[in-house]
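Residue strings, one per chain:
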Amino acid sequence: MSRLSDTGAGALTAWRSRWCPPDFSGKVGVAYSAGADSTALLAAAVAVWPGQVVALHVHHGLQAAADGFEATAREVASRLSVPLQVCRTDARHAPGQSPEDAARQARYLTLAGMAREADVSVVLLGQHADDQAETLLLALSRGAGLPGLAGMPERFVRHGALFGRPFLGIPAATLRDWVLEQGLAFVDDPSNTDPRFTRNRIRSLLMPAWQACFPGFRQALARSARHAAQAQVLLDELAHEDLQTVGVPPRLSALQALSRARQSNVLRHWLKQEAGAAPTEAQLSELLDQVDACRTRGHRLQLRAAGGRVERADDHLVYRTL
């Protein structure tokens, strides 16, 4: 195998050692779009897990080229002797919904269903260092907190399926060069250059500027994302401890005994745990002000937060969905 191939296989081997038991023998799914990144991932996975790999191709039906993507996927899967599953899904967005978010949600839901059907233990995704850098730049542009600045995790669960991203430390150019070197067919998705999508504008305008000023920016941003992820783990652990102290639902008197920063942290944790709700910065700030003002029994509290409202019930806070 070539040096570039070793890079991909090495990343997979390192990911396996971190997240899989030593005697792992289950099936490994690869989310295979037939693009250069997922083609590199599929070939590397075959080298690391021979006989255990299943290629999972989602046909989004969003553009005329989708049938060509499927044809290329079948060609490469056959060449690599990998079984291929194809599932068509409706990834059109609803009015007011981001087309990117709609396609991503439909993709994950479909992949999770395919993984269950194929009895796959983990589904690998081909996101790489450039994708991680784009994610962090997008989060910065939106004023995200630590969860957003942590970027994409290398392991997560969605819709009951386990997903992994072993290539987050490898630049896109490295993967593409390897695929070309191996002579494997792949497709270039025309939507990846559509300037209507925010990520594409970041890719075409911001990334070259960062590269010109800071050639090692991908690794630096990835390092920052790891630091943010570690910090968020600590905040989650502190929130869990504080929630045990203030109770569920939280007692106002116990909340008021905490610093404002810890109140903010534990209330975010409680709302996420209670209802999957993520309040805005303004909503949380107002909630903290109201908590501080609740010093008498007759003081009412009712505040919108995410898709519901936080109310006072005796000496407790409760969350009610609207």
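Structure: see above.
These figures come from a predicted structure and were not determined experimentally.

### Quick notes on the overall build of the protein chain
From N to C terminus, the protein chain includes 12 helices and 9 strands. When the 322 residues of the protein chain are sorted by exposure, 44% land in the buried category. Taking as baseline every contact in the protein chain between residues at least 6 positions apart, the subset at least 24 positions apart corresponds to 66%. Within the structure as shown, the protein chain displays about 16,600 Å² of accessible surface, and the carbon and sulfur contribution to it stands at 52%. Looking at charge distribution, the protein chain has the averaged site of its 35 positive side-chain charges lying 3 Å from that of its 32 negative ones.

### Quick look at the sheet that holds strand β9 (residues 316-321)
Spatial strand order, β7-β8-β9: 3 strands in an open sheet with antiparallel pairing. Each edge of the open sheet carries a strand with a single partner, namely β7 (302-305) and β9. Looking at each pair of strands side by side, their axes are set apart by 30° on average, direction ignored. Relative to β9, strand β8 (residues 308-313) is paired through 6 bridges, and the arrangement is antiparallel. Considered in β9, the bridge of R309 is made with R320.

### Considerations on the packing of aromatic side chains
Taken as a whole and judged by the stated rule, the model has 5 aromatic pairs. A ring pair is formed by F156 and F163, whose centres lie 5.3 Å apart and whose planes are at 10°; its orientation type is stacked. Relative accessible area serves as the criterion here: at 11%, F156 is assigned to the buried category. Taken together through their ring pairs, the aromatic side chains of Y108, F156 and F163 make up a single cluster.

### Some details on the sheet that holds strand β5 (residues 155-158)
Across the sheet, 6 strands lie side by side as β3-β2-β1-β4-β6-β5; this open sheet has mixed pairing. Since the sheet does not close on itself, it has two edges, and those belong to β3 (84-88) and β5, each with one partner. Going across the sheet, the axis of each strand differs from the next one's by a mean of 30°, ignoring polarity. Note that strand β1 (residues 27-31) and strand β2 (residues 53-59) share 4 bridges and pair parallel. Bridge assignment links A31 to a residue of β2, and that residue is L56. Helix α2 (residues 36-48) contacts β1, β2 and β4 (120-124) of the sheet and is inclined by roughly 165° relative to β1. Packing of helix α3 (residues 66-79) onto the sheet brings it into contact with β2 and β3, and relative to β3 it is tilted by some 165°.

Rules and cut-offs
Residues numbered from 1 in each chain as written. Predicted model: local features only at pLDDT ≥ 70, side-chain atom pairs only at ≥ 80, totals over all residues. Heavy atoms only, no water. Helix = DSSP H or I, 4+ residues; strand = E, 2+ residues; numbered from the N terminus. Buried < 20%, exposed > 50% of the residue type's maximum accessible area, 1.4 Å probe, protein only. Contact = heavy atoms within 4.5 Å. Areas by Shrake-Rupley, 256 points an atom, 1.4 Å probe, with all protein chains shown as cover. Lys, Arg positive; Asp, Glu negative; His and termini not counted. Charge placed at Lys NZ, Arg CZ, Asp CG, Glu CD. Pairing = 2+ DSSP bridges. Axes fitted to C-alpha atoms, helices over the stretch in contact; angles between N-to-C directions. Phe/Tyr/Trp six-rings, centres within 6.5 Å; stacked < 30°, edge-to-face > 60°.

Purely geometric numbers; function is a separate question.
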